[in-house]
Every structure is written in structure tokens, then in C-alpha cells.
Amino acid sequence: MSTAPLSHRALMSLLANGAKAIDVLETALTIGLLDALEKGPVSLQELATRLDVLPLRLYKFLDCLESLGFVERDEPTDDIGHATYRADQGLAAAAEAVVGPNAIERDRDRYPWRTLHGRLAESLRGAVSIPADDFAFPPTTAEQTAAFERSMAVGLGPVVETFHRHAGRLWGGRRRLLDIGGGDGTLATRVLEHAPDLNVDVYNLPAVAPLVERTRIRCADADRLGFVPGDFLAEPLPDGYDAMAFVRVLHDWPTPVTRRLVEKAYAALPPDGLLLICEEFRTPDRLAMQFFWTYFQIGADSSVSRLRDVDFYTGLLAETGFDRIAVLPGTWEVVVAHKPADRS
């Protein structure tokens, strides 16, 4: 909560004690302390009584949370029992997302990042890499495909929030959406929840078809979810859609490939067709939350995994010929653009 930046030395001290910091955060979440702090200000004595813990030990524990910037303390007297604490709304939810049982970080940790651990200097020189049998992009086996698409589905929460927030603007009057590189169809099913007149097809490599079919069977609107096999690197995008979406796709590719993909979407869309781009656009927060993938892919060259500024995409859309370009706010922003209407 503090707005004063930490010194380099202080930040490095926190990083060196990262495992202990996560232990503090998990404990604070589990015992209900974070929820109590969001309802603050609340006194140390009240917190100790409510949580059935020892006040002096809790005081030290709260110092740990304060050092991480999560807690604001007011201590008007020398009596620690009178010290009051508060935390911003959303702290518990953020902790749940990071250290809870279904945390994205837990999913990411199963990847073989330990191949690089302690050998980054060698990896930077090209001597150590993530073996293709452990990770390949695009995936080359059924097992890799399933694991990759599962990971992508786990991280869709911010996209879903933004799509639902702007559902009327995005899907009003639209009939057919092509979700390009749309994973196992998880995002498509969530779009259908707020778009009763829309049909969505996932466009992906043929190997993904069984995964989308499993998602479709579980979908309440199974008849509105389809799959189109193809390779967007080697083929034109299919036509017949009045909306297309690139969600967490374009950052994986070098700029010339990204440009060609946007051009393919322009060619396939009809006049007034809608294109959406939703990515982890480059900000200090997104760069931090992307830390695992950035670290892991130091040892993998097949995926660029490049966070770009949102202006890169708005500029690319304009250069390609799209108009009515806008950036819609949300947990993750979504860029929308239209192919110019036929004025002939």
C-alpha cells in the first residue's frame, strides 16, 4: 500500500527471502487475516482475539506483511494493542489468485524451469536449453498440447472479466466469431454466456480438436460452439465470420509474423467486420506477473513471448487499414477495430 518505492537493497532482501514471504502470505490468507484487514482499520488486540493468536507474535507477523507493502499501520501509542491496521480491498482475492489452491503460479510451477535454475549464465550463452521433449512451441505431442492448452485456460480470468464487462459493445449485432488460436474452447464457452445471438468457432491446429470437443460436451450452449482445424501460419484465415479474436496469441510471434496474422484477419473479415486483440500489454504490473514465463522461456527460442505496448497494436491495426480503433478498459484491456464499411 505504500507509495514510496523500496531501495534496491531492501527489494533484494525481500527477493532473497521470497519463500518465507510466500509462507507469510499463505498463512495470512488461510487464517482469515487478509479478509479482516480489508474491513479495517482494526486494532491488533481485536485481530489477536478474533484469530485466537498471541498479540506480540501477530505484531511481528504484521510487520512482515507491512514490509511487503500489503498493510498500512497506525501506531499512536507505545501499546502495541492499540496499533491499527488496514489493507486495500482486493488483497485477499489477489492472494487467492497467487497462492490459493487453484493459483496460476501453481500451474506454472509444474513446468521444468529447474533445468535453468543455477545455470542461467550458460543458458544465456546458448549452452543450456529446455529440452524439446519437455516443452515445445507449438506443442508437438498430444501430451504437450493438452498441458499447454490447460495452462492457457487457467489464465483466462482477466480476459473473461473484460469480455463480460463489454459484452454489449463487443457482440451486439454479431453472429459469428472466430477465436483464432482459441485453445481448448474455454474462452469461447464464457463468451457465449453473455452473447445469446452469437456462434463461436475455435480455429486451431487439428491436434486440439479432441480438447475442444471435450469442452463443447460440457458447454451449456454446445450447439453454438464449433471447431475449425487449420494452421494460421500456413493458410489464409477462413471467411464467413463477422468477428475475429486474437487472445494471448500475437505476443508469441516475431513482429513480421504478427503483422501477417493481422493482415490475414483483415483479408478474411467482411466490411464492418470486428477484430479483437487481447494480450498482456506491457506495463510494470504485467511484466511482473509474466515473470515465470519470461524466466522459463529464456531457455526456449521457439516462442518469442514478447510483451508489447498497447500502442504497438493500435498502430499496427491502423497501418493494416482498420478504423474505429479503441482500447476498452478492464483487468486486461481489449483492443477493438473494424474493417471499413463498404461505401461503394
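Summary of the structure given here. (Residues numbered from 1 in each chain as written. Predicted model: local features only at pLDDT ≥ 70, side-chain atom pairs only at ≥ 80, totals over all residues. Heavy atoms only, no water.)

1. Topic: the packing of aromatic side chains
So, step 1. For the coordinates displayed, the defined rule picks out 18 aromatic pairs.
So, step 2. Ring centres of Phe232 and Trp253 lie 6.1 Å apart, and the angle between their planes is 85°; on these two criteria the pair is classed as edge-to-face. Taken together, the residues Phe232 in the loop between β6 (225–229) and β7 (243–247) and Trp253 in the loop between β7 and α14 (255–268) connect sequence positions 21 residues apart. Trp253 matches Phe232 in its accessibility class, with the two residues each being buried.
So, step 3. One aromatic cluster in this structure is built from Tyr111, Phe135, Phe292, Trp293 and Phe296.
So, step 4. Its guanidinium or amino end placed over the ring of Tyr241, Arg176 lies 4.2 Å from that ring's centre, counting from NZ or CZ.
So, step 5. The ring of Tyr266 is capped by Lys339, whose NZ or CZ atom sits 4.9 Å from the centre of that ring. (Phe/Tyr/Trp six-rings, centres within 6.5 Å; stacked < 30°, edge-to-face > 60°. Helix = DSSP H or I, 4+ residues; strand = E, 2+ residues; numbered from the N terminus. Buried < 20%, exposed > 50% of the residue type's maximum accessible area, 1.4 Å probe, protein only. Lys NZ or Arg CZ within 6 Å of the ring centre and 35° of its normal.)

2. A short note on the sheet that holds strand β4 (residues 176–180)
So, step 1. The seven strands are arranged β6-β5-β4-β7-β8-β10-β9 in an open sheet whose pairing can be described as mixed. Only two strands of the sheet have a single neighbouring strand rather than two, namely β6 and β9 (323–328). The average undirected angle you get between the axes of adjacent strands in this sheet is 20°.
So, step 2. Pairing geometry for β4 and β7, over four bridges, is parallel. Residue pairing in the sheet places Asp179 in a bridge with Ala245 of β7.
So, step 3. Contacting β7, β8 (274–278), β9 and β10 (334–338), helix α10 (residues 157–165) runs over the sheet at an angle of about 145° to β8. (Pairing = 2+ DSSP bridges. Axes fitted to C-alpha atoms, helices over the stretch in contact; angles between N-to-C directions. Contact = heavy atoms within 4.5 Å.)

3. So, the pattern of salt bridges
So, step 1. Within the structure shown, the criterion is met by 19 salt bridges.
So, step 2. Between Arg106 and Glu26 there is a salt bridge; the shortest N-O distance is 3.1 Å. Here Glu26 lies in helix α2 (residues 18–30) and Arg106 lies in helix α7 (residues 104–109), a separation of 80 residues in the sequence.
So, step 3. With relative accessibility at 42%, the residue Arg106 sits in the partly exposed group.
So, step 4. Residue classification places Glu26 among the partly exposed residues on the basis of a relative accessible area of 27%.
So, step 5. Here Arg108 and Asp107 are joined by a salt bridge, their closest N and O atoms 2.6 Å apart. Just as Arg108 is buried, Asp107 falls in that class too.
So, step 6. The structure contains a network of salt bridges with shared partners spanning Arg174, Asp272, Asp323 and Arg324. (Salt bridge = Lys/Arg side-chain N within 4 Å of Asp/Glu carboxyl O.)

4. Some points on the sheet that holds strand β3 (residues 84–86)
So, step 1. Across the sheet, three strands lie side by side as β1-β3-β2; this open sheet has antiparallel pairing. Both outer strands of the open sheet, β1 (42–43) and β2 (72–74), are each paired with one neighbouring strand and no more.
So, step 2. As judged from the two bridges shared by β1 and β3, these two strands associate in the antiparallel manner. Pairing of Ser43 across the sheet is with Thr84, part of β3.

5. Re the pairing of β10
So, step 1. Counting buried residues in β10 gives five out of five residues, a clear majority hidden from the surface.
So, step 2. Because side chains alternate across β10, one face comprises the buried residues Val334, Val336 and His338, and the other comprises Val335 and Ala337, equally buried.
So, step 3. Across five bridges, β8 lies against β10 in antiparallel orientation. Residue Ile277 lies in a different strand from β10, and its bridge partner there is Val335.
So, step 4. Examined bridge by bridge, β9 and β10 share four bridges and lie antiparallel to one another. The residue of β10 that forms the bridge with Ala326 is Val336.
So, step 5. Between β9 and β10, which pair antiparallel in sequence order, lie five residues.

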